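Residue strings, one per chain:
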Amino acid sequence: MKPRSATLRIAAGQGFWGDWLEAPYRQVTGGPIDYLMMDYLAEVTMSILQKQKSRDPSLGYAKDFIPQMERILPIVAQRRIKITANAGGVNPRGCAQAVAETARRLRLGGKLRIGVVTGDDLLGRLDGLLARGHELRNLDTGRPLSDVRDRVVSANAYLGAWPVVEALRGGADIVVTGRVTDTGLTLAPMMHAFGWRPDAWDLLAAGTVAGHTIECGAQCSGGNCLVDWERIPDLANVGYPIVEAAPDGTFEITKHPGTGGRISVAGVKEQLVYEMGNPAEYITPDGIADFTTIRLEQRGKDRVRVSGVRGRPATDKLKVSIGYFYGYKAVGTLVYAWPDAYRKAQAADRILRQRLADLGLTFESVLTEFVGADATHGPLARASAPRDQLPEVQLRIGVRSPDKAAVERFTREIAPLILNGPPSVTGFAGGRPKPEEIVAYWPALLDRRTVEPCVEVVDV
Amino acid sequence: MRKKAVRRKTVPLVELAHARSGDKGDTANVGLIALKPEYYPILVKHVTAARVARHFKGMISGPVERYELPNLHALNFLLHGALDGGGTISLKTDAQGKVFSTALLRLELELPK
């Protein structure tokens, strides 16, 4: 076993399910790290996974995680790197089993222990919770969950770092979880390595800020960075971020030498404010972090020091992420070319809307955007740019309805416009759009005492 | 005595700040960060919640909240009702509010010369 240095190096390997497949391998081979953190779960991911599990009970986790493990496990085992990942989705045990099978195939049997964190899945407990008076009101609208109970497809409480710490204490090398917070996956290794106490609120807040900084992967190391974006070097070879944490709660953000991208104060600031609500109250199951106390300092090339983070006690509630069936939608597009590209697209939109009305179809919403003119900045773009000489405009029209048949009919009204609408139209090679089922997000709060995380550690 | 008119100049916000935006349900957040520390007081004074609400008129259906992060020389705006229902419900190209950031940077400030 290698000697433990004073700092703990936690590397981000995935910022979301679908992130760069090369990143985990590059993180475990590009230089020394102690932990690889892999975040897979976004708000609606759980519903997608629940649907997969209902079709095949052995599924319901991020399948991409398994080939990733196959690729890096031999290195991870050799270098004693530990992994925290919420790839377990709604089936952490199934995910762990698939990882174990992969490890045995790689002749790593007896060399690894896998921790499994469950207890976040509330789908089977919902009626009991509602019956006991937990209303699970929608945090945005205030409506009680009973309004949509029969349409709920997934329900998961956000667990914090503690069950992950427990798994690490139990000797786990790889911790596979369900809905553990993104930040908890980074905080847990620090709590475990440094022995932070459960009421060390400033330290837990610091680890939470570290987690928030790297949870979106390269979005803090030069990716999607607006400041000076054209001079950010070698994004093709971008280095994903690494936290170098100290026991006193200070940490530095850096990346492996020889990689592209940039770690700068400006870039870290952009990530800190990403998806931010009230910055003084960043609430997690592990405590409340106050982002107005963060101090940043450039400590060298591609190295930013973070200090000063203050925290407050955790609340007695856990956030619950619920997915429910909402209806159907479809989006169709056509591209109109110069001259008069914008006016042709506008005319096509008017014709299409009239045909939908003549068919007697009604929708909850019909939204038209003109890509190339106003799709992203709306009236702000229309006010500033001349539109009469645009080389091309994409008409993008979407509909939403509880009635699948209406949405289906809409999808058949796009292609005819190519021959029976305004001229100079192309860009329809993708064919007819498909009606898509909408699973909507219902955020709620639940009394913390009703949720009991479960931790198992098994030998491979 | 003749009152002296304050001479003003128009400064695009994009010359004073950078930004990143994201979503929480039907709310878009825009973090607005001063490009230099000395620009932060200008942002605090001129880029008010009311000014931002006017800027996004017709694009958002709810109110605008503003939070200050003097330590990062940044302001955080919450634009409620910005995403046509948000997440999976939304029909918008920018369903996750990713480019409300640069839409805010289109704001033009009238500053004393």
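Heads up: the structure comes first, above all this text.
Only a predicted model underlies this, so the values are computations on that prediction, with no experimental measurement involved.

Visitor: Sorry if this is basic, but what is going on with the overall build of chain B here?
Guide: Helix and strand counts for chain B stand at 3 helices and 6 strands. The order of helices and strands in chain B, counted from the N terminus, is β-β-β-α-α-β-β-α-β. Looking at chain B as a whole, 47% of its 113 residues are labelled buried. Intrachain contacts of chain B at a sequence separation of at least 6 include 58% that bridge at least 24 residues.

Visitor: Honestly, the overall build of chain A in this entry has me stumped. Any pointers?
Guide: The number of helices and strands found in chain A is 13 helices and 19 strands. In terms of C-alpha radius of gyration, chain A reaches 25 Å, essentially the compact-globule figure of 23 Å for 460 residues. If one aligns the C-alpha atoms of chain A with their principal axes, the spans along those axes are about 75 × 55 × 45 Å. Taking all 460 residues of chain A together, the buried fraction comes to 50%. Of the contacts made within chain A by residues no fewer than 6 positions apart, 76% connect residues no fewer than 24 positions apart.

Visitor: Before we go on, may I ask you to explain the nonpolar core in this structure?
Guide: Inside soluble globular proteins, nonpolar side chains tend to come together where they are buried. Core analysis: the largest hydrophobic core is formed by 147 residues, its most contacted members being Val99, Ile114, Val164 and Val176 of chain A together with Leu32 and Leu79 of chain B. The element contributing the most residues to this core is strand E14 (residues 317-337) of chain A, with 8 residues. Summarising the domain contributions, this core has at least three residues from each of domain 1 (8-120 + 158-315) and domain 2 (326-439) of chain A. Among residues more than four places away in sequence, those in contact with Val99 of chain A are Ile66, Met69, Ile114, Ile174 and Val176 of chain A. Within the second largest apolar cluster, 15 residues are counted, among which are Tyr342, Phe370, Ile397 and Leu417 of chain A.

Visitor: Help me understand the pairing of strand E10 (residues 287-290) of chain A in this model?
Guide: Looking along a regular strand, one sees the side chains alternate between the two faces of the sheet. Residue and element names in this part refer to chain A. With 3 bridges joining them, strand E9 (residues 282-284) and E10 adopt antiparallel strand pairing. From the neighbouring strand, Thr284 faces E10, where its bridge partner is Gly287. Hairpin connection of E9 to E10: 2 residues between the antiparallel strands. When E10 meets strand E13 (residues 310-312), the two strands line up antiparallel, connected through 3 bridges. The residue bridging Ile288 from the neighbouring strand is Arg312, located in E13.

Visitor: Just checking my understanding: could you explain the sheet that holds E9 of chain A for this structure?
Guide: Backbone-to-backbone hydrogen bonds pair the strands of a sheet. The strands run either parallel or antiparallel. Residues and elements named next belong to chain A. The strand order across the open sheet built from 3 strands is E9-E10-E13, with neighbouring strands paired in antiparallel fashion. The outermost strands of the open sheet, each flanked by one partner alone, are E9 and E13. Taken pair by pair, the neighbouring strands of this sheet meet at an average axis angle of 30°, ignoring direction. Helix H8 (residues 201-214) contacts E9, E10 and E13 of the sheet and is inclined by roughly 70° relative to E10.

Visitor: What am I meant to see in the sheet that holds strand E4 (residues 113-118) of chain A here?
Guide: Residues and elements named next belong to chain A. Strand order in the open sheet formed by 10 strands is E11-E12-E8-E7-E1-E2-E3-E6-E4-E19, with mixed pairing between adjacent strands. The sheet is open, and its two borders are formed by strand E11 (295-300) and strand E19 (454-459), each paired with just one other strand. Strand-to-strand twist across the sheet, computed as the mean angle between neighbouring axes with direction ignored, equals 20°. Bridge count between strand E1 (residues 8-14) and strand E2 (residues 35-38): 4 bridges; the pairing is parallel. Residue pairing in the sheet places Ile10 in a bridge with Tyr35 of E2. Across the sheet, helix H6 (residues 162-169) is in contact with strand E3 (82-85), E4, strand E6 (174-177) and E19; its angle to E4 comes to roughly 155°. The strands touched by helix H9 (residues 265-272) are strand E8 (251-254), E11 and strand E12 (303-307); relative to E11, the strand with the most contacts, the crossing angle is about 145°.

Visitor: I would appreciate a short explanation of the environment of Ile33 of chain B in the present structure.
Guide: Position of Ile33 of chain B relative to the elements: it lies in strand E3 (residues 27-34). It is 27 Å that separates the C-alpha atoms of Ile33 of chain B and Gly85 of chain B, two residues lying 52 residues apart in sequence. Setting aside residues up to four positions removed in sequence, Ile33 of chain B forms contacts with Lys269, Glu270 and Val273 of chain A together with Ala17, His18, Ala19, Leu72, His73 and Ala74 of chain B.

Visitor: Help me understand the packing of H6 of chain A against helix H7 (residues 184-194) of chain A, please; the structure alone is not making it clear to me.
Guide: Two quantities define a packed helix pair, namely the angle between the axes and the distance from one axis to the other. Residues and elements named next belong to chain A. In the contact formed by H6 and H7, the axes pass within 8 Å of each other and the chain directions differ by 45°. What the angle tells us is that H6 and H7 run oblique. In the crossing of H6 with H7, the sense of the turn from one axis to the other is right-handed. Touching Val164, Val165, Leu168 and Arg169 of H6 are Gly184, Leu185, Ala188, Pro189, Met191 and His192, all from H7.

Visitor: I'm lost on the interface of chain A and chain B in this one. Help?
Guide: Much of the literature gives interface size as the accessible area that the parts lose upon coming together. At the interface, 43 residues of chain A touch 32 residues of chain B. Of all the secondary-structure elements, those providing two or more residues to the side of chain A that touches chain B are H9, E14, strand E15 (365-371), helix H11 (378-384), strand E16 (392-401) and strand E18 (436-447) of chain A. Here the side of chain A that touches chain B takes 5 residues from E18 of chain A, the largest share from any one element. The class makeup of the residues in the side of chain A that touches chain B is 23 nonpolar, 10 polar and 10 charged.

Visitor: Please explain the pairing of E16 of chain A as it appears in this structure.
Guide: All names here are of chain A. Among the 10 residues that make up E16, 8 are buried, leaving the element largely enclosed by the rest of the structure. As judged from the 10 bridges shared by E14 and E16, these two strands associate in the antiparallel manner. Note on E16: the bridge partner recorded for Val331 is Gly398. Where E15 and E16 come together, 7 bridges link them in antiparallel fashion. If you follow Val366 over to E16, its bridge partner there is Val399.

Visitor: What is the right way to look at the packing of helix H3 (residues 65-79) of chain A against helix H4 (residues 92-105) of chain A in this model?
Guide: Residue and element names in this part refer to chain A. Orientation of H3 relative to H4, taken along the N-to-C sense of each, is 35°, at an axis distance of 10 Å. For H3 against H4, the interelement crossing comes out right-handed. Between H3, through Phe65, Ile66, Met69, Glu70 and Leu73, and H4, the contact on the second element is made entirely by Cys95, Ala98, Val99, Thr102 and Ala103. Across the contact of H3 with H4, the residue classes break down as 8 nonpolar, 1 polar and 1 charged.

Visitor: How do you make sense of unusual backbone geometry when you look at a structure like this?
Guide: Glycine aside, negative phi is the norm for most residues, and most peptide bonds take the trans geometry. Residues and elements named next belong to chain A. A cis amide bond links Trp338 with the next residue in sequence, Pro339, at an omega value of 0°. Summarising the element assignment, Pro339 is placed in the loop between E14 and helix H10 (341-358). Residue Asp228 is not a glycine yet carries a positive backbone phi of 60°. The residue Asp228 is located in the loop between H8 and strand E7 (242-245) in this model. According to the C-beta neighbour criterion, Asp228 is partly exposed, with 14 such atoms within 10 Å. A positive phi angle is found at Asp340, which is not glycine, with a value near 60°. Mapped onto the elements of the fold, Asp340 is located in the loop between E14 and H10.

Procedures and definitions
- Residues numbered from 1 in each chain as written.
- Chains lettered and ligands numbered in written order.
- Predicted model: local features only at pLDDT ≥ 70, side-chain atom pairs only at ≥ 80, totals over all residues.
- Helix = DSSP H or I, 4+ residues; strand = E, 2+ residues; numbered from the N terminus.
- Buried ≥ 20, exposed ≤ 12 C-beta atoms within 10 Å, placed from the backbone.
- Contact = placed C-beta atoms within 7 Å.
- Rg over C-alpha atoms; globule rule 2.2 N^0.38 Å.
- Core = buried A, V, L, I, M, F, W, Y, C linked by C-beta atoms within 7 Å.
- Domains from an automatic or database assignment.
- Pairing = 2+ DSSP bridges.
- Axes fitted to C-alpha atoms, helices over the stretch in contact; angles between N-to-C directions.
- Parallel < 35°, antiparallel > 145°, perpendicular 65-115°, else oblique.
- Left-handed = near helix turned anticlockwise from the far one by under 90°.
- Nonpolar A, V, L, I, M, F, W, Y, C, P; charged D, E, K, R; others polar.

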